[in-house]
Amino acid sequence: MTAWLAIIAPAWIAGSILALLSAPLGCLVLWRRMAFFADALAHGTLLGVALAVWWQLPMGIGIALVSVMVVLGLVLIDDERLPVDAVLAVVSVSLLCLGLLALTQLTDQQANVLGFLFGNLLDLDWADLPLLAGSVLAGLGLLIYIWPAQIKLATHEALARIQGINPTRQRLFFMGVLAGFCAIALQAVGSLLISGLLVLPALTARLWSASPKQMVIIALIIAQLGVTLGVWGSIWLDIQTGLSIVLILAALFFTALIFSKLIKIKL
């Protein structure tokens, strides 16, 4: 048991640290109705990794470049005749295909494609934790700074404008935090599953919360539970850690949904 814990502990701690940012950010994603945008950014990380490897740049710079490209691209293709969710779905799948194509054809990362798609927390060691913790703390700091304005925009944008809040600037701040999260979550759950780690704890918490504060607290608990069970489950089932974590979170969501419906029926 001690030997297993020595191997799993860095991954477990890293996942728990990541959940501190994913839970409140996921709640904000739901409140701002930006789940599709988060999915597009998450899939864009794959293309960002490919560009970073191809140009021999740090991975974070490649992901940041793609994130800027996604935002500018959405502004350019904005058309009132096209549903926003449909456009984001097209952008998301296009980025995923481009990322896979670039990784497999332009770089020597073919062997690591599964890791980029589904993540592998077990590859992390103790030396990786300080950088991860610093990145999460920076993300939390910015999130706390923009939190009041983001809540006002999510609840009543017109009133927020009257109070002097700039929606465009706040949207850019939010996108920056979201892009940063995608970059640091890539190794944990992979490009395909980042949106699951963001949305599932918040979605589950929404079923049992009566206030925004309560929703964030419940989401934090669910995210931590999903990471813990997911990391140990990946060992027992011999599957990718990201896959295991998101499957656990999905199971918790559907269990909570069924129980909430049964309680309503009884009442």
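Residues numbered from 1 in each chain as written. Predicted model: local features only at pLDDT ≥ 70, side-chain atom pairs only at ≥ 80, totals over all residues. Heavy atoms only, no water.

Draft legend 1. Representation of a nonpolar patch on the surface. On the surface, a cluster of nonpolar side chains totalling about 690 Å² of accessible area is made up of L207, W208, I258, F259, L262, I263 and I265. The set of elements that each furnish at least two residues to the nonpolar patch consists of α9 (194–208) and α11 (241–266). The biggest single contributor to the nonpolar patch is α11, with 5 residues. As for its position among the elements, F259 is in helix α11. Since its relative accessible area comes to 48%, F259 is described here as partly exposed. (Patch = residues over 30% accessible without salt bridge, like charges linked within 9 Å, V, L, I, M, F, W, Y side chains within 5 Å. Areas by Shrake-Rupley, 256 points an atom, 1.4 Å probe, with all protein chains shown as cover. Salt bridge = Lys/Arg side-chain N within 4 Å of Asp/Glu carboxyl O. Helix = DSSP H or I, 4+ residues; strand = E, 2+ residues; numbered from the N terminus. Buried < 20%, exposed > 50% of the residue type's maximum accessible area, 1.4 Å probe, protein only.)

Draft legend 2. Inspection of the side chain of S244 at higher detail. As for its position among the elements, S244 is in helix α11. Within the structure, S244 has its side chain in polar contact with the backbone nitrogen of S234 (distance 3.3 Å). Among all residues touching S244, those that are not within four sequence positions of it are L229, G230, G233, S234 and I239. (Polar contact = N/O pair within 3.5 Å; in protein donor to acceptor, adjacent residues only side chain to side chain. Contact = heavy atoms within 4.5 Å.)

Draft legend 3. Inspection of the state of the cysteines at higher detail. Under the criterion given, the structure shown has 0 disulfides. Take C182: it sits in no disulfide, and the sulfur closest to it among the cysteines is that of C27, at 16 Å. Taking relative accessible area as the criterion, C182 reaches 1% and is therefore assigned buried. (Disulfide = S-S within 2.5 Å.)

Draft legend 4. Representation of the nonpolar core within the structure. L18, L25, F37, L121, L178 and F181 are the most contacted members of the largest nonpolar core, which has 81 residues in total. The dominant element in this core, judged by the number of residues it contributes, is helix α1 (residues 2–31), at 14 residues. The contacts of L178, once residues within four sequence positions are left out, are L25, V29, F37, A38, L41 and L198. (Core = buried A, V, L, I, M, F, W, Y, C linked by side-chain atoms within 4.5 Å.)

Draft legend 5. Quick peek at the packing of aromatic side chains. Taken as a whole and assessed by the stated rule, the structure comprises 6 aromatic pairs. Between W12 and W232 the ring centres are 5.8 Å apart and the planes differ by 85°, which places this aromatic pair in the edge-to-face class. Taken as a pair, W12 in helix α1 and W232 in helix α10 (residues 212–237) lie far apart in primary sequence, 220 residues in all. When the centroid spacing of 5.7 Å and the interplanar angle of 70° are considered together, the rings of W31 and W147 count as edge-to-face. Of the two residues, W31 is situated in helix α1 and W147 in helix α6 (residues 129–155); the sequence distance between them amounts to 116 residues. Through a chain of ring-to-ring contacts, the aromatic side chains of W12, W232 and W236 assemble into a single cluster. (Phe/Tyr/Trp six-rings, centres within 6.5 Å; stacked < 30°, edge-to-face > 60°.)

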